[in-house]
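# Structural overview
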Amino acid sequence: AGASSHGEVVWERLKAELLPLVQETAFMLAAAMRRLLPRPLAADTAGPLSCSSPIGQPVAALRLRLAERSAAEGDHFLAVGLFSVALDELHGAGAGPEEEALALAGRAESLLAVGHCEAARADAQAATELRPDCARVWRLLGLAAAQQGGEQAEMAHEAHLKALLLEPTLQNADGLQRAVEAAKDRGAEAAQADKARGDATMQAGDFGRAVALYTTALARSPECQETEGAPIALFRAVLFANRSGAFARLGHWEAAVADARLAVEAAPDFAKAHGRLGTALLGCGQHEEAYAAFARALRLAPNERLLFKGWQAALSLLPRWSSAVARARRRSRFCLDSGRPDRCSGRVFATSDVRADVKANEEWLSKMDKTKFQDDVLLVAGNLGSNLASLARALAFLRGRFRRVFYVPGNSELALPGSEAAAFPDSLAKLLAILALCDELGVDTAPAAISSSVFVVPLFSWYNAWFDKSDPFPDPSQKVDRRCEWGRLNPETQVWKFFLSLNTLHRWLPCHGKVITLSHFVPRQDLPYDPGRAQTSPKVMGCEELDEQVRAVRSQLHFFGHAGRSHGKRVDGVHYVQHALRLDVRSRFEVAPIMCIFDGERLCNEPCSITASE
């Protein structure tokens, strides 16, 4: 045992001394290997990469996979050798042209990576003879010929064109554009002629060739000039928009999105570019961004029928929450705390109408203790900030004070002040941006469990005139929320219905036990509010149809804002609570409390100090 222990000590000492030396030597050898030409290695099939015994095609296929893996890892020297041996084995096994073309293309790609363009061109050209219908080999031939330049420039152009016609992708389009630009054949007349041919080809339904012609027109368009009286930026925006449309017709949605974004960047006031972007985003399943794109397009061209149809399509998809972003929002956070025991659920606090961009209210927030609520949940029922910047600051602050924050926007957040009127086409687009901001900050805007049997369900809402039982008709003279812009939605009859449609899927969620809901607007006409002010008129106070959704999700407690009062009232089995931040003269001497609506065991309605001393 002693000898064994001594041997281990000696071995560890030897490793400690030799390992750095071995590592340094290997690093120096690797650098030296990369200075060697890979072509002799490719020609040597009797080296350690080969096998003297007959090898069948399955082994050659395995070697091809090893070569592809080496190339993917950046070891192109080893990949060249493996591809070379695989080619010999494929010849011996009588493989078909597809396997040989694959090996030649792989070796050409690795040769290109180490700068051996002539050998890469020879391999790619041989591969095109074996597989003339393969876009990849034509693209590699175009790349190799383009790097050689000179007499090979025309070959590069033809190869990239062939690749694009076989496989009209953005990658192949970029290759063709570079090849045409290298020819330095710029000119407004040539670019315009290519565009005209592209338009005709597009109308004929040959969308792949249309992509090629628009690409050639982009490459030939002058950098600073006018084309048929239009600025070159607008001409390029038209080309990008048209090519985006061709990509969309081919089902290449990501390429369509990329081109449409370039069109918008080139000409921000070009309605067609925004429309193409909306169409491509719809194809990618990005419904929220698609809505914003179509809304911008309609502001620029309000009478365009196709833009309106696209806007309608995007609008109708929003309540389904079927985009990847919306699905992630609802699924990943719904069960985040579902395994948390009820005894560890923490308390639930609620507030509304904080208006953090007001100095006194911002000072109230700053007095909130940093550690007192770290295991608790906060519900914020709207009117937290009037612009996106102040809202982001307030939500980030509250997110740092509480374990989880649930939030629904109010009418203040959806207004478009002068600083945001250009950033958002309408208030609904701003709502979608607010939801994206909440995702980024980790703020919940969708239903979620806060323990194994306690759930919070935020409900979107807007008011309607029917809330005023004495005069259930809109009042044209009422000028509330004038900064809210709704585009084609009627603010009196459609906005509130759309907001309620965003909650439709909530009733099917597996919420059991205690369910707490929140909304900004008042769900019942018999709940107290101040009718003496214009902004708290019954016509702009609430929506009774909202109460149907409160009960559809089996809520036991509903917290709401906007009414400007602090109170609690139980109606037909549901406890309705409201607590707005209202700083008055007493606030000079005491800090306004926050409302606790769940103490960890039972629903309640108890004020709680935000400071650590109380």
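If you're wondering where the values come from, they're calculated on a predicted model, not measured in any experiment. (Residues numbered from 1 in each chain as written. Predicted model: local features only at pLDDT ≥ 70, side-chain atom pairs only at ≥ 80, totals over all residues. Heavy atoms only, no water.)

### Examining the overall build of the protein
Looking only at helices and strands, one finds 23 helices and 13 strands in the protein. Across the 614 residues in the protein, those meeting the buried criterion constitute 50%. Here the contacts in the protein between residues at least 6 apart in sequence split such that 70% fall between residues at least 24 apart. (Helix = DSSP H or I, 4+ residues; strand = E, 2+ residues; numbered from the N terminus. Buried < 20%, exposed > 50% of the residue type's maximum accessible area, 1.4 Å probe, protein only. Contact = heavy atoms within 4.5 Å.)

### Thoughts on the environment of Asp-444
One can find Asp-444 in the loop between α21 (427–441) and β6 (448–451). Residue Asp-444 is classed as buried on the basis of its relative accessible area, which comes to 2%. It is 9.6 Å that separates the C-alpha atoms of Asp-444 and Val-457, two residues lying 13 residues apart in sequence. Setting aside anything within four residues of it in sequence, one finds Asp-444 in contact with Arg-333, Arg-404, Val-405, Phe-406 and Tyr-407. A distance of 2.9 Å separates polar atoms of two side chains, one belonging to Asp-444 and the other to Arg-404. (Polar contact = N/O pair within 3.5 Å; in protein donor to acceptor, adjacent residues only side chain to side chain.)

### Overview of the pairing of strand β4 (residues 377–381)
Along any regular strand the residues' side chains alternate between the sheet's two faces. Extensive coverage of β4 is indicated by the burial of five of its five residues. Neither face of β4 is left uncovered, since the one carrying Val-377, Leu-379 and Ala-381 and the one carrying Leu-378 and Val-380 both have all their residues buried. Following the chain from strand β3 (residues 348–351) across helix α18 (residues 359–366) to the adjacent parallel β4, one finds a crossover that is right-handed. Judged from the five bridges that link them, β4 and strand β5 (residues 404–408) form a sheet pairing that is parallel. (Right-handed = clockwise from strand over helix to strand, strands pointing away. Pairing = 2+ DSSP bridges.)

### Points about the packing of aromatic side chains
The full count for this structure, using the stated rule, is 15 aromatic pairs. Ring centres of Phe-349 and Phe-373 lie 5.0 Å apart, and the angle between their planes is 75°; on these two criteria the pair is classed as edge-to-face. Of this pair, Phe-349 sits in strand β3 while Phe-373 sits in the loop between α18 and β4, and the two are 24 residues apart along the sequence. For the pair formed by Phe-349 and Phe-373, the shared burial category is buried. For the ring pair Trp-462 and Phe-521, a centre distance of 5.2 Å and an interplane angle of 70° mean the geometry is edge-to-face. On the criterion of sequence distance, the pair formed by Trp-462 in the loop between β7 (454–458) and α22 (495–501) and Phe-521 in the loop between β8 (514–519) and α23 (545–552) is long-range, its members being 59 residues apart. Each residue in the set Trp-462, Tyr-463, Trp-486, Phe-498, Phe-499 and Phe-521 is aromatic and connected to the rest through ring pairs, giving one cluster. (Phe/Tyr/Trp six-rings, centres within 6.5 Å; stacked < 30°, edge-to-face > 60°.)

### Things to note about the sheet that holds β8
As summarised here, the arrangement of the six strands in space is β6-β7-β8-β9-β11-β10, forming an open sheet in which the pairing is mixed. Both edges of this open sheet fall to β6 and β10 (567–571), since each of them pairs with a single strand only. Sheet twist, expressed as the average angle between the axes of neighbouring strands with direction ignored, equals 20°. Pairing between strand β9 (residues 557–560) and strand β11 (residues 574–578): four bridges, direction parallel. Counted as the bridge partner of His-558 is Tyr-576 from β11. Contacting β8, β9, β10 and β11, α23 runs over the sheet at an angle of about 125° to β11. (Axes fitted to C-alpha atoms, helices over the stretch in contact; angles between N-to-C directions.)

### Looking at a nonpolar patch on the surface
On the surface, a cluster of nonpolar side chains totalling about 480 Å² of accessible area is made up of Trp-11, Leu-14, Leu-18, Leu-21 and Val-22. Looking at the secondary structure, you find Leu-18 in helix α1 (residues 2–33). In this structure Leu-18 comes out as partly exposed when scored by relative accessible area, which is 42%. (Patch = residues over 30% accessible without salt bridge, like charges linked within 9 Å, V, L, I, M, F, W, Y side chains within 5 Å. Areas by Shrake-Rupley, 256 points an atom, 1.4 Å probe, with all protein chains shown as cover. Salt bridge = Lys/Arg side-chain N within 4 Å of Asp/Glu carboxyl O.)

### Details of the pairing of β5
Among the five residues in β5, five count as buried, and that is most of the element. Here β5 shows a buried face lined by Arg-404, Phe-406 and Val-408 and a second buried face lined by Val-405 and Tyr-407. The parallel pair β4 and β5, bridged by helix α19 (residues 388–401), forms a crossover whose chirality is right-handed.

### Some details on the side chain of Thr-351
Along the polypeptide, Thr-351 turns up in strand β3. Judged by its relative accessible area of 4%, Thr-351 is buried. Ignoring sequence-local partners within four residues, the contact set of Thr-351 consists of Leu-378, Leu-379, Val-380, Ala-381, Phe-559, His-579, Leu-581 and Ile-594.

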